[in-house]
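# Coordinates in review
Letter by letter, the chains look like this.
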Amino acid sequence: MKSALQGLKVVECATVVAAPLCGRLLADFGAQVLHVEHPQKGVRLIGLDRADKRNAIGVEMTLALHDALWSLRATTEIRSVVIHGIGGHFCAGMDLKDFFDNSNRDVETLRRARAATEEWRCHLIRNLPQKLFVAIEGYCLGAALPIVQSAQHVVAHPNARFGLPELNFGFVPGGQIIKSVGLAMPPKALSYLALTGKLIEADQARRWGLVDEVVETAPLERALALACQWAGQAH
């Protein structure tokens, strides 16, 4: 699958997307954190690419996600979106060191990143005009779960692990994360995840409502096939 946007870099994201929260800030970072592709007409494929951090959402990634999701509001050509993780994991949640106590970011950068996170997590991802499909392998933790909750269809590999592990690091899950997960699963299941910090397997996530389908091989191929089918029907 190749396209003009394959291997999209943050500096390019800042050029092609007019999202007011990011501006020149993205170009200053210049790190590659998202791969954006167009495998078929009407379909956009977004890969989280911070494999060395298990795709944890740091400052660059949250700003790039904001831009990528913002751009989808303004297009009628894209009918379906697939989000997946590169490198064997979907997303290990927020990069707490990048955002909080140990961050070496300046105050303005952190302010913009936190504002961008709030907007894409609470509004943009929930109100996409396109159908959202998600493919999951490996870790899908914490701040990744609002993406899952917002999807129309979630495909997971049996090796996928879901959870709210913040308690293990001396934190409590953020209010917006809890709210999102609570929309997808029963209250007692949510309490178990939030109060124990334990991870659950893909089959359990399916029984609790986080996952729609567990496939033995290639969850991305399955999610992409569904997205392409939807895009073809929508035209």
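Everything below is about the structure printed above this text.
So, a few notes on the structure that sits alongside this text. Just so we're clear, the structure is a prediction, and the values are computed from it rather than from any experiment.

## Things to note about the nonpolar core
In terms of nonpolar packing, the biggest core is built from 54 residues, with Leu34, Ile83, Phe90, Ile136 and Phe162 touching the most fellow members. Residue contributions to this core peak at eight residues, all from helix H3 (residues 59–73). In this structure, Val82, Val155, Val215 and Ala223 belong to the second largest nonpolar core, which totals 13 residues.

## Side note on helix H8 (residues 187–196)
The set of residues buried in H8 consists of Ala189, Leu190, Leu193 and Ala194. Angularly, the buried residues of H8 cover 125° about the axis, an arc narrow enough to put them on a single face. What points out from H8, more than 90 degrees from its buried face, is the exposed set Pro187, Lys188 and Leu195. Once H8 ends, the next one or two residues include Gly197, with phi positive near 75°.

## A short note on the sheet that holds strand E5 (residues 139–141)
Within the open sheet, the three strands sit side by side as E5-E7-E8. Their pairing is mixed. Of all strands in the sheet, those with a lone pairing partner are E5 and strand E8 (199–201), marking the two edges. Put simply, the sheet's adjacent strands are angled 25° from each other on average, direction ignored. Note that E5 and strand E7 (residues 161–163) share three bridges and pair parallel. Residue pairing in the sheet places Tyr139 in a bridge with Arg161 of E7.

## So, the sheet that holds strand E3 (residues 80–85)
Pairing is mixed in the open sheet, where six strands are placed in the order E1-E2-E3-E4-E6-E9. Taken across any chain shown, the strands that pair with only one partner, and hence form the sheet edges, are strand E1 (34–40) and strand E9 (213–214). Across five bridges, the pairing between E3 and strand E4 (residues 131–136) is parallel. Pairing of Val81 across the sheet is with Leu132, part of E4. Of the strands in this sheet, E1, strand E2 (43–48) and E3 are in contact with H3, which crosses E2 at around 175°.

## Observations concerning the side chain of Asp49
With respect to the helices and strands, Asp49 occurs in the loop between E2 and H3. Apart from the residues within four sequence positions on either side, Asp49 is in contact with Gln32, Val33, Leu34, His35, Asn55, Met61 and Ile86.

## Thoughts on the environment of Ile78
Along the chain, Ile78 turns up in the loop between H3 and E3. Residue Ile78 is classed as buried on the basis of its relative accessible area of 8%. Sequence spacing of Ile78 and Val43 is 35 residues, and the spatial spacing of their C-alpha atoms is 5.5 Å. Ignoring sequence-local partners within four residues, the contact set of Ile78 consists of His38, Gly42, Val43, Arg44, Leu72 and Gln130.

## A look at helix H5 (residues 107–124)
Helix length check: H5 (18 residues) gives 24 Å between terminal C-alpha atoms against 26 Å at 1.5 Å per residue, within 8%. Every buried residue belonging to H5 is among Thr109, Leu110, Ala113, Ala116, Thr117, Trp120, Arg121, Cys122 and Leu124, and all of these are buried. Its side-chain oxygen 3.1 Å from the backbone nitrogen of Glu108, Asp106 forms the N-cap of H5.

## Regarding the side chain of Glu60
As for its placement among the helices and strands, Glu60 is situated in helix H3. Only 2.9 Å separates the side chain of Glu60 from the side chain of Arg105, close enough to count as a polar contact.

Cut-off values and rules
- Residues numbered from 1 in each chain as written.
- Predicted model: local features only at pLDDT ≥ 70, side-chain atom pairs only at ≥ 80, totals over all residues.
- Heavy atoms only, no water.
- Core = buried A, V, L, I, M, F, W, Y, C linked by side-chain atoms within 4.5 Å.
- Buried < 20%, exposed > 50% of the residue type's maximum accessible area, 1.4 Å probe, protein only.
- Helix = DSSP H or I, 4+ residues; strand = E, 2+ residues; numbered from the N terminus.
- Arc of directions from axis to C-beta.
- Pairing = 2+ DSSP bridges.
- Axes fitted to C-alpha atoms, helices over the stretch in contact; angles between N-to-C directions.
- Contact = heavy atoms within 4.5 Å.
- Expected span 1.5 Å × (residues − 1).
- Polar contact = N/O pair within 3.5 Å; in protein donor to acceptor, adjacent residues only side chain to side chain.

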